[in-house]
Amino acid sequence: MEIKSKNVFVTGSTRGIGLAIAHKFASLGANVVLNGRSAISEELLAQFADYGVKVCAISGDISKFEDAERMVKEATAILGSVDILVNNAGITNDKLMLKMTEEDFEKVLKINLTGAFNMTKSVLKPMTKAREGAIINVSSVVGLAGNIGQANYAASKAGLIGFTKSVAKEVAMRGVRVNAIAPGFIESDMTDVIPEKMKEAMLSQIPMKVIGKPEQVAEVAVFLAQQEYLTGQVIAIDGGMTMQG
């Protein structure tokens, strides 16, 4: 798929990986929808001024189907279509299983997994009608390998991988491709405040011995949007953490 002039909706794109993905697509000439649960600042929108593309801010809660549907309709009214959807929005609520409540578990699944369903459901019909579209789901290496204290997060991200493969099979004949990215440890506000000893422990699990950057994840997202013979795949960008021997 040619990226230039396409319309890209990136959920959870006010910071971190989502923001990096939005910047990457805009730098290649795509129009971008910035999204978050709260109002998006003018300062954030101003970051995109030099790209010469349309950038709009649409706020809402992806965990509510009616909100997801409304946001896609708004984006379509402004841009004409949603050609690429990046389901990036997600949360964590880490606790050991013995201390995790039903609410702790369901809240994470509601945003990370049900949110992706809501957004995908909202864009899928027009994409299949146009016989063109790309959906990119941001999963995690935790969804591939699990992690202590993250049973809820791991379940949501593993579920997102199964969701990716199933939807990809359903819509492949309609010209819509669905793939997933599984980032490992990526620089963020969260990793900036991790104590040095904990960082060293994290790095010991990474064969390349470095933490990744959001911009590197963004490059994979663009690759998945462009490749027209690639669907139903999960690409781990993790410095080798989950490589199979």
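Along each chain, numbering runs from 1 in the same order as the chain's sequence is written. Two thresholds apply to this predicted model, a pLDDT of at least 70 for residue-level local features and 80 or more for giving and counting side-chain atom pairs, whereas whole-chain, interface and lining totals are computed over all residues. The side-chain quantities take in all heavy atoms of the structure and omit both hydrogens and water.

Visitor: Help me understand the UniProt feature "active site" (unreviewed entry) in the protein chain in this model?
Guide: UniProt positions are given in the numbering used here, feature names are shortened, and annotations may be inferred rather than shown by experiment. Annotation from UniProt places "active site" (unreviewed entry) at Y153. Mapped onto the elements of the fold, Y153 is located in helix α6 (residues 151-171). Judged by its relative accessible area of 14%, Y153 falls in the buried class. In contact with Y153, other than residues within four places in its own chain, are I91, T92, V108, N112, S140 and V142. Put simply, DSSP H or I for four residues or longer makes a helix, DSSP E for two residues or longer makes a strand, and each gets a number counted from the N terminus. Burial classes follow relative accessibility: with a 1.4 Å probe on protein chains only, a residue under 20% of its type's maximum area counts as buried, one over 50% as exposed, and anything between as partly exposed. Contact criterion: two residues are considered in contact whenever any of their non-hydrogen atoms come within 4.5 Å of each other.

Visitor: Mind showing me how you'd approach empty space enclosed by the protein here?
Guide: Here the idea is plain: a probe the size of a water molecule rolls over the atoms and shows the empty space left. Cavity and pocket criteria rest on a 1 Å grid covering protein atoms alone: a 1.4 Å probe that fits but cannot get out defines a cavity, protein on both sides within 12 Å along at least 5 of 7 lines defines an open pocket, and an atom within 4 Å of a point defines a lining residue. Grid points are joined across faces, edges and corners, and a volume is the space filled by probe spheres set on the points. In this structure the tally under the stated criterion is 1 cavity of 30 Å³ or more. Roughly 50 Å³ of internal volume is contained in the largest cavity. If you go around the largest cavity, the residues you meet are T11, I62, N87, N88, A89, I111, N112, G115, A116, V138, K157 and L160. At the level of elements, α4 (102-130) and α6 are the ones that each hand at least two residues to the lining of the largest cavity. Note that Gly is not counted as nonpolar here; it falls among the polar residues with everything else outside the nonpolar set of Ala, Val, Leu, Ile, Met, Phe, Trp, Tyr, Cys and Pro and the charged set of Asp, Glu, Lys and Arg. Here the residues of the lining of the largest cavity sort into 6 nonpolar, 5 polar and 1 charged.

Visitor: Just checking my understanding: could you explain the sheet that holds strand β1 (residues 7-10) for this structure?
Guide: Strands in a sheet are paired, the pairing made by backbone hydrogen bonds, and the direction either parallel or antiparallel. A sheet is described by the order of its strands in space; here 7 strands give the open sequence β3-β2-β1-β4-β5-β6-β7, paired in parallel fashion. Two strands lie at the open edges of the sheet, namely β3 (55-59) and β7 (234-237), each paired on one side alone. On average, adjacent strands in this sheet sit at an angle of 20 degrees to one another, irrespective of strand direction. The pairing of strand β5 (residues 133-138) with strand β6 (residues 176-183) spans 6 bridges and is classified as parallel. The residue of β6 that forms the bridge with I136 is N179. Running over the sheet, helix α3 (residues 65-79) touches β1, β2 (31-36) and β3 and is turned about 160 degrees from β3. For two strands to be treated as a pair, DSSP must find no fewer than two bridges joining them. Helix axes are fitted only over the stretch in contact, all axes being lines through C-alpha atoms; the angle between N-to-C directions runs from 0 to 180 degrees.

Visitor: Would you mind showing me how to read the environment of K24 here?
Guide: Assignment of secondary structure puts K24 in helix α1 (residues 16-27). As a C-alpha pair, K24 and G133 span 109 residues in sequence and 18 Å in three-dimensional space. In contact with K24, not counting residues within four places along its chain, are A218, E219 and V222.

Visitor: Hey, could you run me through unusual backbone geometry in this one?
Guide: At R131, a residue that is not glycine, the phi angle is positive and equals roughly 60 degrees. Mapped onto the elements of the fold, R131 is located in the loop between α4 and β5. At K209, a residue that is not glycine, the phi angle is positive and equals roughly 60 degrees. Its location among the elements puts K209 in the loop between α8 (196-204) and α9 (214-226).

Visitor: What exactly am I supposed to notice about the packing of α4 against α6 here?
Guide: Packed helices, taken two at a time, are described by the angle between their axes plus the distance between the axes. In contact at an axis separation of 8 Å, α4 and α6 are set at 15 degrees when each is read in the N-to-C sense. Classified by the angle between their axes, α4 and α6 sit roughly parallel to one another. α4 and α6 meet at a crossing whose hand is right-handed. Contacts between α4 and α6 involve D104, F105, V108, L109, N112, L113, A116, F117, T120, L124 and T128 from the first element and A151, N152, Y153, A155, S156, K157, G159, L160, F163, V167 and V171 from the second. Any angle from 65 to 115 degrees is called roughly perpendicular, while one under 35 is roughly parallel, one over 145 is roughly antiparallel, and all others are oblique. Less than a right angle of anticlockwise turn of the near helix away from the far helix marks a crossing as left-handed, whereas a clockwise turn marks it as right-handed.

Visitor: What exactly am I supposed to notice about the UniProt feature "binding site: NADP(+)" (unreviewed entry) in the protein chain here?
Guide: The residues that UniProt annotates with the feature "binding site: NADP(+)" (unreviewed entry) are G12, S13, T14, R15, N88, Y153, A154, A155, S156, K157 and I186. For the residues just named, distributed over 175 residues, the greatest C-alpha separation reaches 24.5 Å, placing them at more than one site. The annotated residues contributing to the lining of the largest cavity are N88 and K157. In contact with S13, other than residues within four places in its own chain, are G18, L19, A22, V33, L34 and N35. At 2.7 Å, the side chain of S13 forms a polar contact with the backbone oxygen of V10. Residue position: R15 is located in the loop between β1 and α1. Between N or O atoms, a polar contact is any pair within 3.5 Å; within protein, one atom must be a potential hydrogen donor and the other a potential acceptor, and residues adjacent in sequence are included only when both atoms are from side chains.

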